[in-house]
Amino acid sequence: MRGSTTLAWIAAAGLLAGCDPADEASPDDATSGEASTDDETSAWIEVAAARFEEDGESETLTLPPLGSVDALALRATTDPGVCFQLSSAVDGEGRAVILGRSAGVLYCRACALRTSIAAAAGVLVLPREAGQFEPETGLSLRFARVACDTLTPLKAPEDRPSLRIDAQPIVRAPAPATLDLRFLIAGSSILASDDARQQALLDALTDELASAGVVPRLVDARAIDDLPDAIRFHNGDPGALAAAIAAAPAKDERTVDVVFGGCLLYDDPIFGPPSPVNGFTPRIPGGAGPADGVYMPGVDCFAVGDAGPLDLPVGAQAHVLAHELGHYLGLYHAVEEDGTTDRLDDTGPDNIMHFNPQRAASVGFSPAQGEVMRTHPALRPR
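Caption draft 1: Representation of the overall build of the protein chain within the structure. Counting its regular elements, the protein chain contains five helices and 18 strands. When burial is assessed residue by residue, the protein chain has 54% of its 382 residues classed as buried. Sequence separation of at least 24 residues holds for 80% of the intrachain contacts in the protein chain that already meet a minimum separation of 6.

Caption draft 2: Summary view of the environment of Pro 377. Summarising the element assignment, Pro 377 is placed in the loop between helix H5 (367–374) and strand E18 (380–381). Separated by 252 residues in the primary sequence, Pro 377 and Val 125 have C-alpha atoms spaced 8.4 Å apart. Beyond its immediate stretch of four places on either side in the chain, Pro 377 contacts Trp 44, Ala 73, Val 125, Gln 168, Ile 170 and Arg 254.

Caption draft 3: Here's a closer look at the pairing of strand E14 (residues 256–260). Where burial is concerned, most of E14 is hidden: five out of the five residues are buried. Side chains Val 256, Val 258 and Phe 260 of E14 all project onto a buried face; the interleaved residues Asp 257 and Val 259 project onto the opposite face, where all are buried too. Inspection of the sheet shows E14 paired to strand E17 (residues 294–296) by three bridges, in the parallel sense. Residue pairing for E17: Phe 260 is matched across the bridge by Met 296.

Caption draft 4: Focus on the sheet that holds strand E15 (residues 263–266). The strand order E13-E15-E16 describes an open sheet built from three strands, whose pairing is mixed. Taken across any chain shown, the strands that pair with only one partner, and hence form the sheet edges, are strand E13 (230–233) and strand E16 (275–276). Across four bridges, E13 lies against E15 in parallel orientation. Within the sheet, the bridge partner assigned to Ala 230 lies in E15 and is Cys 263.

Caption draft 5: Main features of the pattern of salt bridges. On inspection of all chains with the given rule, the structure shows 18 salt bridges. Across the pair Arg 95 and Glu 134 runs a salt bridge whose closest N-O atoms are separated by 3.7 Å. With Arg 95 in the loop between strand E5 (83–91) and strand E6 (96–99) and Glu 134 in the loop between strand E8 (121–127) and strand E9 (139–146), this residue pair connects regions lying 39 residues apart in the sequence. For Glu 134, a relative accessible area of 14% gives the class buried. A salt bridge links Arg 182 to Asp 257, with the nearest nitrogen and oxygen atoms 2.6 Å apart. Taken as a pair, Arg 182 in strand E11 (residues 177–185) and Asp 257 in strand E14 lie far apart in primary sequence, 75 residues in all. Classification of Arg 182 by relative accessible area gives buried; the value is 4%. Here the residues in one salt-bridge network are Glu 46, Arg 75, Arg 164, Asp 166 and Glu 253, joined through shared partners.

Caption draft 6: Looking closely at helix H2 (residues 195–209). The terminal C-alpha atoms of H2 lie 21 Å apart, and with 15 residues this matches the ideal 21 Å at 1.5 Å per residue to within 8%. Those residues of H2 that fall on the buried side of the exposure criterion are Arg 197, Gln 198, Leu 201, Leu 202, Ala 204, Leu 205, Glu 208 and Leu 209. In this fold, the buried residues of H2 make contact with E11, strand E12 (214–223), E14, helix H4 (314–328) and H5.

Caption draft 7: Layout of the nonpolar core. By size, the foremost hydrophobic cluster in this structure holds 34 residues, and its most contacted members are Leu 179, Phe 260, Leu 321, Leu 325 and Phe 365. Those elements giving two or more residues to this core turn out to be E11, H2, E12, E14, E17 and H4. In terms of residue count, H4 provides more of this core than any other element does, six residues in total. When near neighbours in sequence (up to four residues on either side) are disregarded, Leu 325 contacts Leu 179, Leu 181, Leu 205, Leu 209, Val 256 and Val 294. Judged by nonpolar contacts, the second largest core, of 30 residues, contains Leu 61, Leu 63, Cys 111 and Leu 113.

Caption draft 8: Structural detail: the packing of aromatic side chains. Enumeration according to the criterion identifies six aromatic pairs in this entry. Their ring planes at 65° and their centres at 6.1 Å tell us that Phe 84 and Phe 143 sit as a pair that is edge-to-face. Separated by 59 residues along the polypeptide, Phe 84 in strand E5 and Phe 143 in strand E9 bring together distant segments of the chain. Under the relative-accessibility criterion, Phe 84 is labelled buried at 3%. Between Phe 233 and Tyr 266, the ring centres sit 5.9 Å apart and the planes meet at 85°, which makes this aromatic pair edge-to-face. Here Phe 233, found in strand E13, pairs with Tyr 266, found in strand E15; they are 33 residues apart in sequence, far enough to count as distant. Overall, the relative accessible area of 2% leaves Phe 233 in the buried class. An aromatic cluster of three or more residues is present, and its members are Phe 52, Phe 84 and Phe 143. The side chain of Arg 145 reaches across the aromatic face of Phe 52, ending 5.9 Å from its centre.

Caption draft 9: How the structure looks around the state of the cysteines. As enumerated under the stated definition, the model contains two disulfides in all. A sulfur-sulfur distance of 2.1 Å marks the disulfide that ties Cys 83 to Cys 148. Judged by the sign of its S-S torsion, about 115°, the cystine formed by Cys 83 and Cys 148 is right-handed. Placement of the pair is Cys 83 in strand E5 and Cys 148 in the loop between E9 and strand E10 (162–170), with a sequence separation of 65 residues. This pair shows no difference in class: Cys 83 is buried, exactly as Cys 148 is. Covalent S-S linkage joins Cys 263 and Cys 301, the inter-sulfur distance amounting to 1.9 Å. Between Cys 263 and Cys 301, the disulfide has an S-S torsion of 110° and is therefore right-handed. In this pair, Cys 263 is assigned in strand E15 and Cys 301 in the loop between E17 and H4, connecting sequence segments 38 residues apart. On the basis of relative accessibility, which here comes to 21%, the residue Cys 301 falls in the partly exposed class.

So, how was this worked out
Residues numbered from 1 in each chain as written. Predicted model: local features only at pLDDT ≥ 70, side-chain atom pairs only at ≥ 80, totals over all residues. Heavy atoms only, no water. Helix = DSSP H or I, 4+ residues; strand = E, 2+ residues; numbered from the N terminus. Buried < 20%, exposed > 50% of the residue type's maximum accessible area, 1.4 Å probe, protein only. Contact = heavy atoms within 4.5 Å. Pairing = 2+ DSSP bridges. Salt bridge = Lys/Arg side-chain N within 4 Å of Asp/Glu carboxyl O. Expected span 1.5 Å × (residues − 1). Core = buried A, V, L, I, M, F, W, Y, C linked by side-chain atoms within 4.5 Å. Phe/Tyr/Trp six-rings, centres within 6.5 Å; stacked < 30°, edge-to-face > 60°. Lys NZ or Arg CZ within 6 Å of the ring centre and 35° of its normal. Disulfide = S-S within 2.5 Å.

Pasting the structure below:
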(Lines give C-alpha, C1' and ligand atoms only; values in the text may rest on other atoms or scores of the structure.)
Protein backbone atom coordinates (compact mmCIF):
# COMPACT_ATOMS: atom_id res chain seq x y z
CA MET A 1 0.00 0.00 0.00
CA ARG A 2 1.31 3.45 -0.89
CA GLY A 3 2.28 5.58 2.06
CA SER A 4 1.11 9.08 2.83
CA THR A 5 3.31 11.92 4.02
CA THR A 6 1.62 14.86 5.73
CA LEU A 7 3.23 18.18 4.96
CA ALA A 8 4.61 19.99 8.01
CA TRP A 9 2.79 23.27 7.46
CA ILE A 10 4.81 25.05 10.13
CA ALA A 11 3.93 28.23 12.00
CA ALA A 12 5.63 30.43 9.43
CA ALA A 13 2.94 29.51 6.93
CA GLY A 14 0.32 30.94 9.23
CA LEU A 15 2.23 34.19 9.36
CA LEU A 16 2.49 34.31 5.58
CA ALA A 17 -1.22 33.65 5.24
CA GLY A 18 -1.91 36.94 6.99
CA CYS A 19 0.36 39.21 4.95
CA ASP A 20 1.18 40.30 1.46
CA PRO A 21 3.17 37.75 -0.56
CA ALA A 22 6.01 40.13 -1.30
CA ASP A 23 8.07 42.98 0.06
CA GLU A 24 7.15 46.62 0.43
CA ALA A 25 6.48 48.53 -2.77
CA SER A 26 9.39 49.02 -5.13
CA PRO A 27 10.48 52.51 -6.19
CA ASP A 28 8.21 54.20 -8.71
CA ASP A 29 10.93 54.27 -11.34
CA ALA A 30 10.35 51.05 -13.26
CA THR A 31 13.45 51.33 -15.39
CA SER A 32 16.14 51.55 -12.74
CA GLY A 33 17.06 50.22 -9.34
CA GLU A 34 19.79 48.55 -7.39
CA ALA A 35 20.22 44.82 -7.82
CA SER A 36 18.59 42.79 -5.08
CA THR A 37 20.96 40.93 -2.84
CA ASP A 38 20.85 37.19 -2.39
CA ASP A 39 20.60 37.43 1.40
CA GLU A 40 16.95 38.53 1.49
CA THR A 41 14.74 36.32 3.60
CA SER A 42 13.21 33.64 1.42
CA ALA A 43 9.44 33.36 1.36
CA TRP A 44 9.69 29.64 0.59
CA ILE A 45 8.93 27.25 3.44
CA GLU A 46 10.25 23.70 3.40
CA VAL A 47 7.20 21.54 4.04
CA ALA A 48 8.04 17.97 3.05
CA ALA A 49 10.61 15.49 1.89
CA ALA A 50 9.50 12.33 0.13
CA ARG A 51 11.04 9.68 -2.08
CA PHE A 52 10.06 8.31 -5.47
CA GLU A 53 9.04 4.67 -5.15
CA GLU A 54 9.76 1.62 -7.30
CA ASP A 55 6.92 2.38 -9.73
CA GLY A 56 8.19 5.92 -10.33
CA GLU A 57 5.47 7.60 -8.26
CA SER A 58 6.09 9.51 -5.06
CA GLU A 59 4.29 8.98 -1.81
CA THR A 60 1.06 10.94 -1.47
CA LEU A 61 1.77 14.32 0.06
CA THR A 62 -1.07 15.79 2.11
CA LEU A 63 -1.32 19.49 2.88
CA PRO A 64 -3.79 20.52 5.60
CA PRO A 65 -6.14 23.50 5.14
CA LEU A 66 -4.69 27.00 5.37
CA GLY A 67 -6.03 30.54 5.29
CA SER A 68 -7.61 32.18 2.27
CA VAL A 69 -5.19 32.59 -0.65
CA ASP A 70 -5.26 33.57 -4.32
CA ALA A 71 -2.88 30.71 -5.12
CA LEU A 72 -0.38 28.33 -3.60
CA ALA A 73 3.09 28.11 -5.10
CA LEU A 74 5.08 24.91 -4.72
CA ARG A 75 8.74 24.32 -5.51
CA ALA A 76 9.77 20.69 -6.02
CA THR A 77 13.46 19.77 -6.08
CA THR A 78 15.14 16.42 -6.71
CA ASP A 79 18.48 15.14 -8.01
CA PRO A 80 20.25 16.48 -11.13
CA GLY A 81 19.31 14.54 -14.24
CA VAL A 82 15.93 13.45 -12.82
CA CYS A 83 12.80 14.55 -14.71
CA PHE A 84 9.35 14.47 -13.14
CA GLN A 85 5.83 15.86 -13.30
CA LEU A 86 2.95 16.57 -10.95
CA SER A 87 0.76 13.52 -11.52
CA SER A 88 -2.07 14.18 -9.06
CA ALA A 89 -3.49 17.34 -7.47
CA VAL A 90 -6.74 17.07 -5.52
CA ASP A 91 -8.07 19.69 -3.08
CA GLY A 92 -9.64 19.02 0.32
CA GLU A 93 -13.11 18.79 -1.22
CA GLY A 94 -12.04 16.06 -3.63
CA ARG A 95 -11.85 18.29 -6.72
CA ALA A 96 -9.02 17.25 -9.02
CA VAL A 97 -7.18 19.40 -11.55
CA ILE A 98 -4.58 16.73 -12.34
CA LEU A 99 -5.24 13.02 -12.08
CA GLY A 100 -2.77 10.72 -13.79
CA ARG A 101 0.42 10.91 -15.78
CA SER A 102 0.73 12.39 -19.23
CA ALA A 103 2.88 10.71 -21.85
CA GLY A 104 5.35 12.08 -24.36
CA VAL A 105 4.38 15.76 -24.11
CA LEU A 106 5.64 18.70 -22.08
CA TYR A 107 2.37 19.01 -20.17
CA CYS A 108 -1.00 17.31 -19.77
CA ARG A 109 -3.37 18.86 -22.30
CA ALA A 110 -6.36 16.98 -20.91
CA CYS A 111 -5.83 18.21 -17.34
CA ALA A 112 -7.80 21.11 -15.90
CA LEU A 113 -4.48 22.64 -14.82
CA ARG A 114 -1.42 22.50 -17.04
CA THR A 115 1.93 22.00 -15.33
CA SER A 116 5.16 21.34 -17.18
CA ILE A 117 7.62 18.51 -16.79
CA ALA A 118 10.56 19.57 -14.62
CA ALA A 119 14.25 18.69 -14.93
CA ALA A 120 15.78 18.54 -11.42
CA ALA A 121 13.46 21.26 -10.05
CA GLY A 122 10.29 23.13 -10.90
CA VAL A 123 7.83 25.68 -9.58
CA LEU A 124 4.09 25.00 -9.68
CA VAL A 125 1.39 27.60 -9.05
CA LEU A 126 -1.97 26.19 -7.99
CA PRO A 127 -4.62 28.94 -8.35
CA ARG A 128 -7.82 29.27 -6.39
CA GLU A 129 -10.85 28.75 -8.59
CA ALA A 130 -13.99 29.03 -6.46
CA GLY A 131 -16.11 25.91 -6.67
CA GLN A 132 -13.62 24.16 -8.96
CA PHE A 133 -10.31 23.99 -7.11
CA GLU A 134 -9.48 25.60 -3.77
CA PRO A 135 -6.00 24.71 -2.46
CA GLU A 136 -6.72 26.42 0.86
CA THR A 137 -9.12 23.56 1.72
CA GLY A 138 -6.14 21.19 1.79
CA LEU A 139 -4.26 19.32 -0.89
CA SER A 140 -3.34 15.79 -1.83
CA LEU A 141 -0.39 15.65 -4.24
CA ARG A 142 1.70 13.07 -6.02
CA PHE A 143 4.68 13.44 -8.33
CA ALA A 144 5.90 10.93 -10.92
CA ARG A 145 9.15 10.24 -12.77
CA VAL A 146 9.41 10.67 -16.54
CA ALA A 147 12.21 9.72 -18.91
CA CYS A 148 14.17 12.86 -19.74
CA ASP A 149 14.67 11.95 -23.40
CA THR A 150 11.17 10.80 -24.36
CA LEU A 151 9.15 12.60 -21.62
CA THR A 152 7.18 9.36 -21.16
CA PRO A 153 6.33 7.84 -17.76
CA LEU A 154 9.26 6.08 -16.12
CA LYS A 155 7.55 3.23 -14.30
CA ALA A 156 10.51 1.10 -13.26
CA PRO A 157 13.44 3.40 -12.44
CA GLU A 158 16.58 1.88 -11.00
CA ASP A 159 17.14 4.66 -8.48
CA ARG A 160 14.92 6.16 -5.76
CA PRO A 161 15.80 9.87 -5.54
CA SER A 162 14.35 12.03 -2.81
CA LEU A 163 12.02 14.94 -3.47
CA ARG A 164 11.91 18.16 -1.44
CA ILE A 165 8.78 20.33 -1.46
CA ASP A 166 8.79 24.02 -0.51
CA ALA A 167 5.63 26.10 -0.42
CA GLN A 168 4.66 29.76 -0.58
CA PRO A 169 1.09 31.04 -0.14
CA ILE A 170 0.20 33.83 -2.57
CA VAL A 171 -2.30 35.58 -0.34
CA ARG A 172 -3.14 38.40 -2.73
CA ALA A 173 -1.72 38.64 -6.23
CA PRO A 174 -0.18 42.13 -6.45
CA ALA A 175 -1.75 44.57 -8.90
CA PRO A 176 0.14 46.34 -10.27
CA ALA A 177 3.27 44.27 -9.80
CA THR A 178 6.99 44.74 -10.35
CA LEU A 179 9.10 42.11 -12.10
CA ASP A 180 12.84 42.41 -11.47
CA LEU A 181 15.03 41.43 -14.43
CA ARG A 182 18.75 40.86 -14.83
CA PHE A 183 20.14 41.00 -18.37
CA LEU A 184 23.05 38.62 -19.03
CA ILE A 185 24.50 39.72 -22.36
CA ALA A 186 27.02 37.84 -24.49
CA GLY A 187 29.17 39.57 -27.07
CA SER A 188 27.13 37.89 -29.80
CA SER A 189 24.06 39.96 -28.86
CA ILE A 190 23.18 43.29 -30.44
CA LEU A 191 22.66 44.55 -26.86
CA ALA A 192 26.33 44.11 -25.97
CA SER A 193 27.88 47.38 -24.73
CA ASP A 194 24.86 49.33 -25.94
CA ASP A 195 23.14 50.96 -22.96
CA ALA A 196 20.79 52.95 -25.19
CA ARG A 197 19.56 49.80 -26.95
CA GLN A 198 19.06 48.06 -23.59
CA GLN A 199 16.98 51.00 -22.35
CA ALA A 200 14.96 51.08 -25.56
CA LEU A 201 14.24 47.36 -25.19
CA LEU A 202 13.13 47.86 -21.59
CA ASP A 203 10.85 50.75 -22.59
CA ALA A 204 9.23 48.66 -25.32
CA LEU A 205 8.90 45.69 -22.95
CA THR A 206 7.18 47.95 -20.39
CA ASP A 207 4.57 48.82 -23.01
CA GLU A 208 4.09 45.13 -23.90
CA LEU A 209 3.52 44.06 -20.28
CA ALA A 210 1.39 47.03 -19.19
CA SER A 211 -1.94 45.35 -19.90
CA ALA A 212 -1.00 42.48 -17.57
CA GLY A 213 -0.39 44.88 -14.67
CA VAL A 214 3.30 43.88 -14.68
CA VAL A 215 6.06 46.51 -14.71
CA PRO A 216 9.57 45.27 -15.58
CA ARG A 217 12.47 46.75 -13.64
CA LEU A 218 16.03 46.23 -14.82
CA VAL A 219 18.07 45.72 -11.65
CA ASP A 220 21.30 44.62 -13.34
CA ALA A 221 22.84 44.21 -16.77
CA ARG A 222 26.20 42.53 -17.16
CA ALA A 223 28.38 40.95 -19.79
CA ILE A 224 28.87 37.20 -19.81
CA ASP A 225 31.36 35.09 -21.71
CA ASP A 226 30.57 34.56 -25.37
CA LEU A 227 28.15 31.68 -25.83
CA PRO A 228 28.69 28.84 -28.30
CA ASP A 229 27.48 29.52 -31.83
CA ALA A 230 24.99 26.69 -31.41
CA ILE A 231 23.33 26.02 -28.04
CA ARG A 232 21.50 22.69 -28.32
CA PHE A 233 18.91 21.72 -25.72
CA HIS A 234 15.49 20.19 -25.18
CA ASN A 235 12.98 20.14 -22.35
CA GLY A 236 14.49 17.09 -20.70
CA ASP A 237 18.07 18.28 -21.05
CA PRO A 238 18.63 22.00 -20.39
CA GLY A 239 22.34 21.45 -19.65
CA ALA A 240 23.65 23.74 -22.40
CA LEU A 241 21.35 26.52 -21.23
CA ALA A 242 22.44 26.02 -17.63
CA ALA A 243 26.08 26.31 -18.73
CA ALA A 244 25.33 29.75 -20.19
CA ILE A 245 24.51 31.16 -16.75
CA ALA A 246 26.71 28.93 -14.58
CA ALA A 247 29.32 31.65 -13.99
CA ALA A 248 26.84 34.45 -13.33
CA PRO A 249 26.95 35.92 -9.80
CA ALA A 250 24.26 34.97 -7.29
CA LYS A 251 21.06 36.99 -7.41
CA ASP A 252 17.90 37.41 -5.40
CA GLU A 253 15.64 34.39 -5.95
CA ARG A 254 12.84 36.59 -7.33
CA THR A 255 14.98 38.25 -9.99
CA VAL A 256 14.54 36.70 -13.44
CA ASP A 257 17.59 36.23 -15.64
CA VAL A 258 17.23 37.07 -19.33
CA VAL A 259 20.13 35.69 -21.37
CA PHE A 260 21.00 37.23 -24.75
CA GLY A 261 23.39 35.61 -27.22
CA GLY A 262 24.21 32.56 -29.30
CA CYS A 263 22.03 30.53 -31.64
CA LEU A 264 19.25 28.62 -29.85
CA LEU A 265 18.57 25.17 -31.31
CA TYR A 266 15.82 22.97 -29.91
CA ASP A 267 17.29 19.50 -30.42
CA ASP A 268 14.57 16.94 -29.79
CA PRO A 269 16.26 13.53 -29.37
CA ILE A 270 13.22 11.68 -30.70
CA PHE A 271 11.71 13.82 -33.42
CA GLY A 272 14.65 16.02 -34.55
CA PRO A 273 16.27 17.56 -36.50
CA PRO A 274 17.41 20.58 -34.46
CA SER A 275 15.32 23.67 -35.14
CA PRO A 276 16.09 27.31 -34.28
CA VAL A 277 13.82 29.18 -31.87
CA ASN A 278 13.27 32.92 -31.43
CA GLY A 279 13.21 32.63 -27.66
CA PHE A 280 12.96 29.90 -25.05
CA THR A 281 11.82 29.40 -21.45
CA PRO A 282 12.92 26.01 -20.09
CA ARG A 283 9.85 25.52 -17.94
CA ILE A 284 6.35 26.95 -17.41
CA PRO A 285 6.25 28.56 -14.93
CA GLY A 286 9.90 29.39 -14.27
CA GLY A 287 11.49 29.83 -10.89
CA ALA A 288 13.70 26.79 -10.28
CA GLY A 289 16.06 24.41 -11.96
CA PRO A 290 19.57 24.52 -13.39
CA ALA A 291 18.66 26.70 -16.41
CA ASP A 292 16.17 29.00 -14.68
CA GLY A 293 15.62 32.07 -16.83
CA VAL A 294 14.56 33.26 -20.27
CA TYR A 295 16.82 32.83 -23.31
CA MET A 296 16.93 35.07 -26.38
CA PRO A 297 19.12 34.37 -29.45
CA GLY A 298 21.95 36.68 -30.46
CA VAL A 299 22.88 35.28 -33.87
CA ASP A 300 21.03 33.89 -36.87
CA CYS A 301 21.28 30.10 -36.76
CA PHE A 302 21.40 30.03 -40.56
CA ALA A 303 24.29 32.47 -40.77
CA VAL A 304 26.54 31.34 -37.92
CA GLY A 305 30.07 32.55 -38.55
CA ASP A 306 29.01 34.60 -41.59
CA ALA A 307 27.20 37.50 -39.98
CA GLY A 308 27.28 39.75 -36.97
CA PRO A 309 24.70 39.93 -34.16
CA LEU A 310 21.07 39.29 -35.05
CA ASP A 311 19.67 42.77 -35.73
CA LEU A 312 16.00 42.68 -34.78
CA PRO A 313 13.85 45.80 -34.49
CA VAL A 314 13.55 46.74 -30.83
CA GLY A 315 9.77 46.36 -30.91
CA ALA A 316 9.97 42.84 -32.37
CA GLN A 317 12.56 41.78 -29.80
CA ALA A 318 10.42 43.19 -26.97
CA HIS A 319 7.36 41.38 -28.33
CA VAL A 320 9.09 37.99 -28.26
CA LEU A 321 10.63 38.69 -24.85
CA ALA A 322 7.20 39.58 -23.45
CA HIS A 323 5.89 36.27 -24.84
CA GLU A 324 8.72 34.36 -23.12
CA LEU A 325 8.18 36.20 -19.84
CA GLY A 326 4.51 35.22 -20.15
CA HIS A 327 5.68 31.59 -20.19
CA TYR A 328 7.98 32.20 -17.21
CA LEU A 329 5.05 33.65 -15.26
CA GLY A 330 2.80 30.69 -16.02
CA LEU A 331 1.15 31.16 -19.43
CA TYR A 332 0.88 28.50 -22.11
CA HIS A 333 0.22 29.21 -25.76
CA ALA A 334 -3.20 30.70 -26.45
CA VAL A 335 -3.19 28.44 -29.50
CA GLU A 336 -0.77 25.61 -30.26
CA GLU A 337 0.54 24.63 -33.68
CA ASP A 338 -1.94 21.73 -33.79
CA GLY A 339 -4.87 24.05 -32.99
CA THR A 340 -5.15 23.21 -29.27
CA THR A 341 -6.23 26.27 -27.28
CA ASP A 342 -5.65 27.28 -23.67
CA ARG A 343 -8.31 27.25 -20.93
CA LEU A 344 -8.66 31.02 -20.76
CA ASP A 345 -11.88 32.34 -22.28
CA ASP A 346 -10.56 35.74 -23.33
CA THR A 347 -7.65 34.71 -25.57
CA GLY A 348 -7.61 33.78 -29.22
CA PRO A 349 -5.33 33.15 -32.20
CA ASP A 350 -4.13 36.76 -32.42
CA ASN A 351 -2.99 36.80 -28.80
CA ILE A 352 0.66 37.50 -27.98
CA MET A 353 0.86 33.94 -26.60
CA HIS A 354 0.26 32.46 -30.07
CA PHE A 355 2.80 29.67 -30.63
CA ASN A 356 4.59 32.04 -33.02
CA PRO A 357 4.38 35.49 -31.37
CA GLN A 358 5.86 37.15 -34.47
CA ARG A 359 2.67 36.18 -36.33
CA ALA A 360 0.35 37.47 -33.60
CA ALA A 361 -1.29 40.83 -34.21
CA SER A 362 -2.04 41.35 -30.53
CA VAL A 363 0.08 43.59 -28.35
CA GLY A 364 -0.38 43.03 -24.64
CA PHE A 365 -2.15 40.41 -22.56
CA SER A 366 -5.78 39.65 -21.75
CA PRO A 367 -7.20 40.25 -18.24
CA ALA A 368 -7.20 36.51 -17.51
CA GLN A 369 -3.59 36.19 -18.62
CA GLY A 370 -2.62 39.09 -16.37
CA GLU A 371 -4.27 37.36 -13.40
CA VAL A 372 -2.28 34.20 -14.06
CA MET A 373 1.00 36.10 -14.41
CA ARG A 374 0.56 38.10 -11.20
CA THR A 375 0.19 34.96 -9.05
CA HIS A 376 3.81 34.01 -9.78
CA PRO A 377 5.96 34.26 -6.63
CA ALA A 378 8.63 36.34 -8.43
CA LEU A 379 6.36 39.38 -8.58
CA ARG A 380 6.50 42.20 -6.04
CA PRO A 381 3.86 44.84 -5.28
CA ARG A 382 4.63 48.29 -6.66
